[in-house]
Amino acid sequence: MLAQHQTPPGGQCAAPDCERPYVNAGNGGPRRFCSSKCATRVRVANHRRRASS
């Protein structure tokens, strides 16, 4: 069945301190974050964590 192979149209932001939902508009790759601000904050935190080790 085709519906079993489709991705959900949205989800919840993957940032640890954000619980906002997002809608995947379908253009581009799959989304994980509600905004570029949340995505950048998580990327910078990961970079700083790796750099301090």
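Preceding this paragraph is the structure being described.
These notes cover the structure that comes with them. It should be emphasised that the depicted structure is a prediction, and the values quoted were computed from it without experimental measurement.

## Examining helix 1 (residues 36–52)
- Helix length check: helix 1 (17 residues) gives 24 Å between terminal C-alpha atoms against 24 Å at 1.5 Å per residue, within 8%.
- Within the span of helix 1, buried status applies to Cys 38, Ala 39 and Val 42. Seen from one end, helix 1 has its buried residues packed into an arc of 100°, which puts them on one side. Summarising the geometry of helix 1, the exposed residues directed more than 90 degrees from the buried face are Ser 36, Lys 37, Arg 48, Ala 51 and Ser 52.

## Brief notes about the nonpolar core
- Within the largest apolar cluster, 9 residues are counted, these being Cys 13, Ala 15, Cys 18, Tyr 22, Phe 33, Cys 34, Cys 38, Ala 39 and Val 42.
- In contact with Cys 13, other than residues within four places in its own chain, are Cys 18, Arg 20, Tyr 22, Arg 32, Phe 33, Cys 34 and Cys 38.

## As for the environment of Ala 14
- Its location among the elements puts Ala 14 in the loop between strand 1 (10–12) and strand 2 (21–23).
- Classification of Ala 14 by relative accessible area gives partly exposed; the value is 38%.
- Through-space distance from the C-alpha of Ala 14 to that of Cys 34 is 8.1 Å; in sequence the pair is 20 residues apart.
- Excluding residues within four positions of it along the chain, Ala 14 makes contact with Arg 32 and Phe 33.

Criteria and thresholds
- Here the residue numbering is sequential within each chain, running from 1 through the sequence in written order.
- In view of the model being predicted, local features appear only for residues whose pLDDT reaches at least 70, and side-chain atom pairs are presented and counted only at 80 or more, with totals across whole chains, interfaces and linings using the full set of residues.
- Only hydrogens and water are set aside; all other atoms, that is, all heavy atoms of the structure, feed into the side-chain values.
- Helix numbering and strand numbering both begin at the N terminus, where a helix is a DSSP run of H or I of at least 4 residues and a strand a DSSP run of E of at least 2.
- Every helix has an expected span of 1.5 Å times one less than the residues it contains.
- Burial status follows relative accessibility: with a 1.4 Å probe on protein chains alone, a residue under 20% of its type maximum counts as buried, one over 50% as exposed, and anything between as partly exposed.
- In this context, the arc is that of the directions from the helix axis out to the C-beta atoms.
- In this text, buried Ala, Val, Leu, Ile, Met, Phe, Trp, Tyr and Cys residues form a nonpolar core when linked through side-chain atoms within 4.5 Å.
- Residue contacts are defined here by distance: any two heavy atoms, one from each residue, within 4.5 Å place the two residues in contact.

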